[in-house]
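Chain residues, written in single-letter form:
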Amino acid sequence: MDKGNLSIVSEFVLLGLCHSWNMQVLFLMIFFILYLIIISGNTVIMILIITDYRLHSPMYFLLANLSFVDMWLSSVTTPKMITDFLRENKTISFRGCMCQILYVHFVGGGEMVLLVVMAYDRFVAICKPLHYLTVMSLQKCTWLVVTSWTIGFVHAMSQMAVIVQLPFCGPREIDSFFCDIPLVIKLACIDSYNLGILMNADSGVLAMTCFILLLISYTYILLTIRQSSKTGASKALSTCTAHITVVVLFFGPCIFIYVWPLSITWVDKFLAVFYSVITPLLNPAIYTLRNKEIKDAMKRFRL
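Criteria and thresholds
Residues numbered from 1 in each chain as written. Predicted model: local features only at pLDDT ≥ 70, side-chain atom pairs only at ≥ 80, totals over all residues. Heavy atoms only, no water. Disulfide = S-S within 2.5 Å. Helix = DSSP H or I, 4+ residues; strand = E, 2+ residues; numbered from the N terminus. Buried < 20%, exposed > 50% of the residue type's maximum accessible area, 1.4 Å probe, protein only. Axes fitted to C-alpha atoms, helices over the stretch in contact; angles between N-to-C directions. Parallel < 35°, antiparallel > 145°, perpendicular 65-115°, else oblique. Left-handed = near helix turned anticlockwise from the far one by under 90°. Salt bridge = Lys/Arg side-chain N within 4 Å of Asp/Glu carboxyl O. UniProt positions renumbered as here; feature names shortened; annotations may be inferred. Contact = heavy atoms within 4.5 Å. Pairing = 2+ DSSP bridges. Patch = residues over 30% accessible without salt bridge, like charges linked within 9 Å, V, L, I, M, F, W, Y side chains within 5 Å. Areas by Shrake-Rupley, 256 points an atom, 1.4 Å probe, with all protein chains shown as cover. 1 Å grid on protein atoms, 1.4 Å probe; cavity = no way out; pocket = protein on both sides within 12 Å on 5 of 7 lines; lining within 4 Å. Points joined across faces, edges and corners; volume = space filled by probe spheres on them. Nonpolar A, V, L, I, M, F, W, Y, C, P; charged D, E, K, R; others polar.

Draft legend 1. Expanded view of the state of the cysteines. Summed over the entire model, instances satisfying the criterion amount to two disulfides. One disulfide bridge connects Cys97 with Cys179, the sulfur atoms lying 2.2 Å from each other. Disulfide Cys97-Cys179: torsion about the S-S bond near -125°, hence left-handed. Highlighted residues: Cys97 in helix H3 (residues 94-127) and Cys179 in the loop between strand E3 (173-174) and helix H6 (181-185), separated in sequence by 82 residues. Just as Cys97 is buried, Cys179 falls in that class too.

So, in structure tokens, the structure goes:
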């Protein structure tokens, strides 16, 4: 195909979650409320951890970073989705689409690694408690968080280096509420089947590597808890249960989107909503409802 004769696509059309106006109005109210809860809930956690000296520990430092990442992940896609419920023509510029892809994979990849870092923190705290303060120093925690952001950035840029060079000349409808790599690649004016597999494999390798490391960490942790005293085991198990819940909720949709794609439109949309809206919503709820220190900090903050 002669690329010189191709018209360049300057914008894409997002088909959104549904076509019914009544359903769009309902979704507008639901997701607007959920987004406010995400921002306010994660902001409260960050403020509590920053202002309460009793929470100045490695675990809560990492939790504050997770809250920040969750807010950013949700903000990449949710505001655009909410405003599109009010618009008949749900378009996004080519540059805006590329930015969504970049930030979704930058923040998403960073969160995957950050969850591994949080599992490592719990591993050291439970399996090597006498060395905890030495191993998980503030300098080490900062270095681990920077590493998570760096890996996320490198992952996102490796994807963008390929996507921005693809020719887009004809189809421009994306059957979702935001731009994501598997959907955008299908619109390229080339045979994109093998490229789609390669790009999914790139995301899949990162997701599965992090997931396997998490499984190994929590397996060691649970085996150690079994041998601990009842009092210590109960508290450690409660903390780890919250972490494991967050891991399953975040990695489950990512694995089915990038590792074993189902290619069922409504399922893909549901999974995309889950990891971009529901997971950032549940994280603060899980950590506040199951964490005594956070609840005590909230009581002290109100006084």
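Draft legend 2. The packing of helix H2 (residues 58-84) against H3, seen in detail. The N-to-C vectors of H2 and H3 enclose an angle of 160°; their axes lie 10 Å apart at closest approach. With respect to each other, H2 and H3 are oriented roughly antiparallel. Between H2 and H3 lies a crossing whose hand is left-handed.

Draft legend 3. Quick peek at the pattern of salt bridges. Counted according to the given criterion, the structure contains seven salt bridges. Here Arg300 makes a salt bridge to Asp52, at a shortest N to O gap of 2.8 Å. Placement of the pair is Arg300 in helix H10 (residues 292-302) and Asp52 in the loop between helix H1 (21-51) and H2, with a sequence separation of 248 residues. Residue Asp52 is classed as buried on the basis of its relative accessible area, which comes to 8%. Between Asp84 and Arg87 there is a salt bridge, and its shortest N-O distance comes to 3.2 Å. According to the relative accessible area criterion, Asp84 is buried, its value standing at 3%. For Arg87, a relative accessible area of 33% puts it in the partly exposed group. The structure contains a network of salt bridges with shared partners spanning Asp52, Arg54 and Arg300.

Draft legend 4. Structural detail: the UniProt feature "transmembrane region" (unreviewed entry) in the protein chain. Sequence positions flagged by UniProt for "transmembrane region" (unreviewed entry) are, in local numbering, residues 25-50, 62-82, 102-120, 141-168, 205-225, 237-260 and 272-290. Here residues 25-50 is 100% helix and 0% strand, with 38 Å between the C-alpha atoms at its ends. As a span, residues 102-120 carries 100% helix and 0% strand, and end to end its C-alpha atoms are 27 Å apart.

Draft legend 5. Local environment of the environment of Ile286. One can find Ile286 in helix H9 (residues 265-289). Leave out the neighbours within four places in its chain, and Ile286 touches Ala242, Thr245, Val246 and Leu249.

Draft legend 6. Quick peek at the sheet that holds strand E1 (residues 11-14). Ordered by their spatial adjacency, three strands build an open sheet running E2-E1-E3, and the pairing between neighbours is mixed. Lying at the two open borders of the sheet, with one neighbouring strand each, are strand E2 (91-93) and E3. As paired elements, E1 and E2 share three bridges and run antiparallel to each other. Paired with Phe12 across the strands is Ile92, a residue of E2.

Draft legend 7. How the structure looks around a nonpolar patch on the surface. On the surface, Trp21, Met23, Val25, Leu26, Met29 and Ile30 cluster together to form a nonpolar patch covering roughly 520 Å² of accessible area. Here Leu26 is to be found in helix H1. For Leu26, a relative accessible area of 36% corresponds to the partly exposed category.

Draft legend 8. Highlighting empty space enclosed by the protein. Counted according to the given criterion, the structure contains two cavities of 30 Å³ or more. Volume-wise, the largest cavity comes out at about 110 Å³. In terms of lining residues, the largest cavity is bounded by 13 residues, among which Val104, Gly108, Gly109, Met112 and Tyr258 are the most central. Contributions of two or more residues to the lining of the largest cavity are made by H3, helix H7 (193-226) and helix H8 (230-259). For the lining of the largest cavity, the element with the most residues is H3, which contributes five residues. Reported here for the second largest cavity is a volume of approximately 30 Å³. Considering the residues around the second largest cavity, the lining is formed by Gly16, Leu17, Met81, Asp84, Phe85, Lys90 and Phe177. Taken together, the residues of the lining of the second largest cavity break down into four nonpolar, one polar and two charged.

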